[in-house]
Amino acid sequence: MPTVALALGAGGARGLAHIAVLEAFDELGITPSAIAGASIGAMVGAAYAAGLPAKAIRAHTQDVLRDRATLMSALVQSRSGRLTGMLSAFGNPLLVDGEKFLDRLWPHTVPDRFEGLRIPLTVIATDYHARTEAVFKEGPLLPAVAGSIAIPGLVRPVRHGERILVDGGAVNPLPFDHLIGQADLVVAVDVTGGPIPHGSRGPSSFEIMFGTLQIMQATIVAAKLKIYRPEIVVRPLVERFRMLDFFDARAILAAAAPAKDALKRELEAHFR
């Protein structure tokens, strides 16, 4: 049987589509030999690498997002500081502390360390001072993933050892290059999205800020794919969703269903 490695990319709420892709693996009885993830891809990938079935991840995600009051309470309790710390480097109370947030909302079966995962996982964050990738495969899991999801302006940077970590999508939004040579097939799931239709109203300043990040990520992915293309590239049709449309989880998962079915056909063709 051929081995398959899986790369899960950055994309904010669009990354919930990763769950549907994982369901394709479970339904075919295929376990990835390795996973690499950036930003939300690292967050979802860690839960799957811990041994949670994709349907359990779907149920947990929908339960968390169904109860808006509980989620908003978790966000408030995960603020990075008090109003009195507004001028300090890491005390902006408007930012979410990613480590606190993950600790509150991650499934309890996710281990504390990479070594406790059932599937080898590579997490990509950005080393702010070095202006390069920070690659994690061992040690504490929580700060690595929290650093990978530290979206500028939303989630506080993470201090991990001597490093300051920010969003992994800034340097490598689809980290399939970390899987080359580790399996017979590499499946890369790109959720950066393509062009979006013109709306009747102009985007808000908030939408401009996060939408620009997604344009940057899509440009990086396009450049990488010109140099090397994995055996299978999956692109769920999630363009119409914005980076923070997490409450549209059901619609995002529904939009990913055709990509899931297409992936199953491609994998079945490789496994014949």
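Residues numbered from 1 in each chain as written. Predicted model: local features only at pLDDT ≥ 70, side-chain atom pairs only at ≥ 80, totals over all residues. Heavy atoms only, no water.

Looking at this structure, how should I read helix α7 (residues 205-227)?
It helps to recall that an α-helix has 3.6 residues per turn; residues three or four apart then point in one direction. For α7, which comprises 23 residues, the first-to-last C-alpha distance of 34 Å matches the rise-based estimate of 33 Å (1.5 Å per residue) to within 8%. Structurally, α7 contributes buried residues whose contacts are with β8 (232-234). (Helix = DSSP H or I, 4+ residues; strand = E, 2+ residues; numbered from the N terminus. Expected span 1.5 Å × (residues − 1). Contact = heavy atoms within 4.5 Å.)

Mind showing me how you'd approach the packing of aromatic side chains here?
How two aromatic rings sit relative to each other is given by the distance of their centres and the angle of their planes. Summed over the entire model, instances satisfying the criterion amount to 1 aromatic pair. Taking the centre distance of 6.3 Å and the plane angle of 25 degrees together, the rings of F176 and Y228 count as stacked. You can see F176 sitting in the loop between β6 (163-166) and β7 (185-189) and its partner Y228 sitting in the loop between α7 and β8, a full 52 residues away along the chain. Among the residues examined, Y228 registers a relative accessible area of 31% and is labelled partly exposed. Positioned above the aromatic ring of F176 is the side chain of K224, whose terminal nitrogen or guanidinium carbon lies 4.3 Å from the ring centre. (Phe/Tyr/Trp six-rings, centres within 6.5 Å; stacked < 30°, edge-to-face > 60°. Buried < 20%, exposed > 50% of the residue type's maximum accessible area, 1.4 Å probe, protein only. Lys NZ or Arg CZ within 6 Å of the ring centre and 35° of its normal.)

Please clarify how the pattern of salt bridges should be interpreted in this entry.
Close approach of charged atoms lets side chains of opposite charge pair. By the definition in use, this model includes 11 salt bridges. Salt-bridge contacts for D63 lead to R66; the nearest nitrogen and oxygen are separated by 2.7 Å. With D63 and R66 both in helix α3 (residues 54-66) and 3 residues apart, the pair spans about one turn of that helix. In this structure, D97 engages R156 in a salt bridge whose closest nitrogen and oxygen atoms are separated by 2.8 Å. You can see D97 sitting in the loop between α4 (68-77) and α5 (98-105) and its partner R156 sitting in the loop between α6 (141-148) and β5 (158-160), a full 59 residues away along the chain. Judged on exposure class, the residue D97 and its partner R156 are both buried. Counted as one network, the salt bridges with shared partners bring together E23, E27, R58, K260 and K264. (Salt bridge = Lys/Arg side-chain N within 4 Å of Asp/Glu carboxyl O.)

What am I meant to see in the packing of helix α2 (residues 40-49) against α6 here?
Helix packing geometry: the angle between the two helix axes and the distance between the axes. For the pair α2 and α6, interaxial distance at closest approach is 7 Å and the crossing angle is 150 degrees. Here α2 is positioned roughly antiparallel relative to α6, judged by the angle of their axes. Between α2 and α6 lies a crossing whose hand is left-handed. For the pair α2 and α6, contact is made by A42, M43 and A46 and by L141, V145 and S148, respectively. Residue classes in the contact of α2 with α6 are distributed as 5 nonpolar, 1 polar and no charged. (Axes fitted to C-alpha atoms, helices over the stretch in contact; angles between N-to-C directions. Parallel < 35°, antiparallel > 145°, perpendicular 65-115°, else oblique. Left-handed = near helix turned anticlockwise from the far one by under 90°. Nonpolar A, V, L, I, M, F, W, Y, C, P; charged D, E, K, R; others polar.)

What is the right way to read the pairing of strand β3 (residues 121-127) from this model?
Along any regular strand the residues' side chains alternate between the sheet's two faces. A large share of β3 lies buried, amounting to 7 of its 7 residues. Of the strand pairs in this sheet, strand β2 (residues 34-38) and β3 are connected by 4 bridges, and their pairing is parallel. For I35, the partnering residue across the bridge sits in β3 and is L121. Sheet topology note: the β3/strand β4 (residues 132-136) ladder contains 5 bridges and is antiparallel. Across the sheet, the residue bridging to V123 is F136, located in β4. Counting the residues in the hairpin turn of β3 and β4 gives 4 residues, including R131, whose phi is positive at 60 degrees. In this structure, β3 lies alongside β6, joined through 2 bridges in antiparallel fashion. Bridge pairing in β6 links D127 to L165. (Pairing = 2+ DSSP bridges.)

Looking at this structure, I do not really get the nonpolar core. What am I missing?
Soluble globular proteins: nonpolar side chains tend toward being buried together. In this structure, F25, L121, L141, V187 and L263 are the most contacted members of the largest nonpolar core, which totals 65 residues. Among all residues touching F25, those that are not within four sequence positions of it are V4, L6, I30, P32, Y48, V187, L263 and L267. Among the nonpolar cores identified, the runner-up in size contains 13 residues, and A5, L174, L179 and V233 belong to it. (Core = buried A, V, L, I, M, F, W, Y, C linked by side-chain atoms within 4.5 Å.)

Looking at this structure, I do not really get the environment of Y228. What am I missing?
As for Y228 and I180, which are separated by 48 residues in sequence, their C-alpha atoms are 9.7 Å apart. The residues contacting Y228, other than those within four sequence positions of it, are F176 and I180.

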